[in-house]
Amino acid sequence: MKRNTIRTIKKLKEDGEKITVLTGYDYMWGNCLDNAGVDIILVGDSLGNTVLGYDTTCPVTMEDMIRHSAAVVRGSEKALILIDMPFMSYVTSEDAVKNAGRLIAETGGQAVKLEGGLEFAPMVRKIVENGIPVCAHIGLRPQSVNIQGYNTQGIDYIDKIKLKEDALALQDAGAFMIVLEKMDFDLAAEITDMLDIPTIGIGSGQRCDGQVLVIHDILGLFDKFVPPFVKQYANLRGEIIKAAKAYIDDVKGNVYPEK
Ligand code: KIV
């Protein structure tokens, strides 16, 4: 079966069909999410929090992203695999091209995502010129937590203007899609109407072209903070603990194995 491509994603927007994105971090997630039919699996650097147990995404390395992304690719057949560029891996255009190239060549993924506004348009342009599709990411940028915190973005007039300029510059630089994270809902809708490329919202309201969420959040797997905009579809953490406890009881009580 052929994978979704950036053309598939463009067509979804043209047809007015919402684009679905979920994060996935290894073979099993790649396999389950692909079977569910999600359009894009994002190997997010949120794996720093969900898989590696860091407080922020800043310690995530190129090697982390490569190992996890390659496993997601092996587990999936249809979804487009979008890979986050780690913190500090795209500070110059040269770094950006070299590291985006590694993420694609060493994993089999199809596209990369980087966080940042118009200051990063030159890096986006250079990566795209080298044949790699780029998804931009503005609004709340978790790699900039030490500057932004985790606050809603685009509240005051100056911020709104800047975010609109960012979105236009990134589209102009060749980004095929843009994530709008935790942004004022009306601003996200305005940016969506303004751009030709699809917008993917996370905590930015309904009027984006698609939505992305962290898989651990929607499945109730994460015991720490869950953002208020997340809808939880299951409580798998509770189920896992229940099953593990039942196994422990069986072994301790000589119930398993039966003979
Ligand atoms: O790393 C990540 O999971 C992300 C999404 C939440 C947008 O960047």
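**Points about the pairing of strand E6 (residues 177-181)**
Logical step 1: Of all 5 residues that make up E6, 5 are buried, and the element is covered over most of its length.
Logical step 2: Alternating positions in E6 separate into two faces, Met 177, Val 179 and Glu 181 on one and Ile 178 and Leu 180 on the other, with burial throughout.
Logical step 3: As paired elements, strand E5 (residues 134-139) and E6 share 5 bridges and run parallel to each other. Of the residues in E6, the one forming a bridge with Ile 138 is Leu 180.
Logical step 4: Bridge count between E6 and strand E7 (residues 199-202): 4 bridges; the pairing is parallel. Paired with Val 179 across the two strands is Ile 200, which belongs to E7.
Logical step 5: The β-α-β motif built from E6, the intervening helix H9 (residues 185-194) and the parallel element E7 has right-handed crossover chirality.

**Looking at the pairing of E5**
Logical step 1: With 6 of its 6 residues buried, E5 lies for the most part within the structure.
Logical step 2: The side-chain alternation of E5 yields two buried faces, one formed by Val 134, Ala 136 and Ile 138 and the other by Cys 135, His 137 and Gly 139.
Logical step 3: Two elements, strand E4 (residues 111-115) and E5, share 4 bridges in a ladder whose sense is parallel. Looking across to E5, one finds that Lys 113 is bridged to Cys 135.
Logical step 4: Crossover handedness for the path E4 to helix H6 (residues 121-129) to E5: right-handed.

**Focus on the environment of Asp 166**
Logical step 1: Position of Asp 166 relative to the elements: it lies in helix H8 (residues 157-172).
Logical step 2: Sequence separation between Asp 166 and Asn 254 is 88 residues, and the spatial gap between their C-alpha atoms is 63 Å.
Logical step 3: Beyond its immediate sequence surroundings of up to four residues, Asp 166 is in contact with Gly 117, Leu 118 and Ile 138.

**Topic: the site of the ligand**
Logical step 1: The local shell around the ligand consists of Thr 23, Leu 42, Gly 44, Asp 45, Ser 46, Asp 84, Lys 113, His 137, Ile 202, Val 212 and Val 214.
Logical step 2: Between Asp 45 and the ligand, the recorded distance is 3.0 Å, taken from a side-chain N or O atom to an oxygen atom.
Logical step 3: Separating an oxygen atom of the ligand from a side-chain N or O atom of Lys 113 is a distance of 2.8 Å.
Logical step 4: Expressed as a share of its isolated accessible area of 260 Å², the protein-covered part of the ligand is 95%.
Logical step 5: The residue inventory of the shell around the ligand, partitioned by class, reads 4 nonpolar, 4 polar and 3 charged.

**Some details on the nonpolar core**
Logical step 1: Among the nonpolar cores identified, the biggest contains 69 residues, and Ile 127, Ile 138, Ile 178 and Ile 191 are the most heavily contacted of them.
Logical step 2: Counting residues per element, this core draws most heavily on helix H4 (residues 62-75), at 5 residues.
Logical step 3: Each residue touching Ile 138, except ones within four places of it in the same chain, is listed here: Gly 116, Gly 117, Leu 163, Asp 166, Ala 167, Leu 170, Ile 178, Val 179, Leu 180, Glu 181, Met 183 and Ile 191.

**A short note on a nonpolar patch on the surface**
Logical step 1: On the surface, Tyr 247, Ile 248, Val 251 and Tyr 256 cluster together to form a nonpolar patch covering roughly 420 Å² of accessible area.
Logical step 2: Structurally, Tyr 247 is set in helix H11 (residues 236-252).
Logical step 3: For Tyr 247, a relative accessible area of 53% puts it in the exposed group.

**Topic: unusual backbone geometry**
Logical step 1: Here the amide bond leading from Tyr 256 into Pro 257 is cis, since omega sits at -5°, within 30 degrees of zero.
Logical step 2: One non-glycine residue, Lys 182, lies in the positive phi region at around 40°.
Logical step 3: Within the secondary structure, Lys 182 sits in the loop between E6 and H9.
Logical step 4: A positive phi is found at Asn 254, a non-glycine position, where the angle reads about 60°.

**Re the packing of aromatic side chains**
Logical step 1: Evaluated as defined, the whole model comprises 1 aromatic pair.
Logical step 2: Both rings, one in Tyr 90 and one in Phe 120, keep their centres 5.5 Å apart while their planes meet at 70°; by these two values the pair is edge-to-face. Of the two residues, Tyr 90 is situated in the loop between strand E3 (80-84) and helix H5 (93-105) and Phe 120 in the loop between E4 and H6; the sequence distance between them amounts to 30 residues.
Logical step 3: In this structure Tyr 90 comes out as buried when scored by relative accessible area, which is 5%.
Logical step 4: A residue is classified by how much of its surface remains accessible, and Phe 120, at 21% relative accessible area, is partly exposed.

Parameters at a glance
- Residues numbered from 1 in each chain as written.
- Predicted model: local features only at pLDDT ≥ 70, side-chain atom pairs only at ≥ 80, totals over all residues.
- Heavy atoms only, no water.
- Buried < 20%, exposed > 50% of the residue type's maximum accessible area, 1.4 Å probe, protein only.
- Helix = DSSP H or I, 4+ residues; strand = E, 2+ residues; numbered from the N terminus.
- Pairing = 2+ DSSP bridges.
- Right-handed = clockwise from strand over helix to strand, strands pointing away.
- Contact = heavy atoms within 4.5 Å.
- Near = heavy atom within 4 Å.
- Polar contact = N/O pair within 3.5 Å; in protein donor to acceptor, adjacent residues only side chain to side chain.
- Areas by Shrake-Rupley, 256 points an atom, 1.4 Å probe, with all protein chains shown as cover.
- Nonpolar A, V, L, I, M, F, W, Y, C, P; charged D, E, K, R; others polar.
- Core = buried A, V, L, I, M, F, W, Y, C linked by side-chain atoms within 4.5 Å.
- Patch = residues over 30% accessible without salt bridge, like charges linked within 9 Å, V, L, I, M, F, W, Y side chains within 5 Å.
- Salt bridge = Lys/Arg side-chain N within 4 Å of Asp/Glu carboxyl O.
- Phe/Tyr/Trp six-rings, centres within 6.5 Å; stacked < 30°, edge-to-face > 60°.

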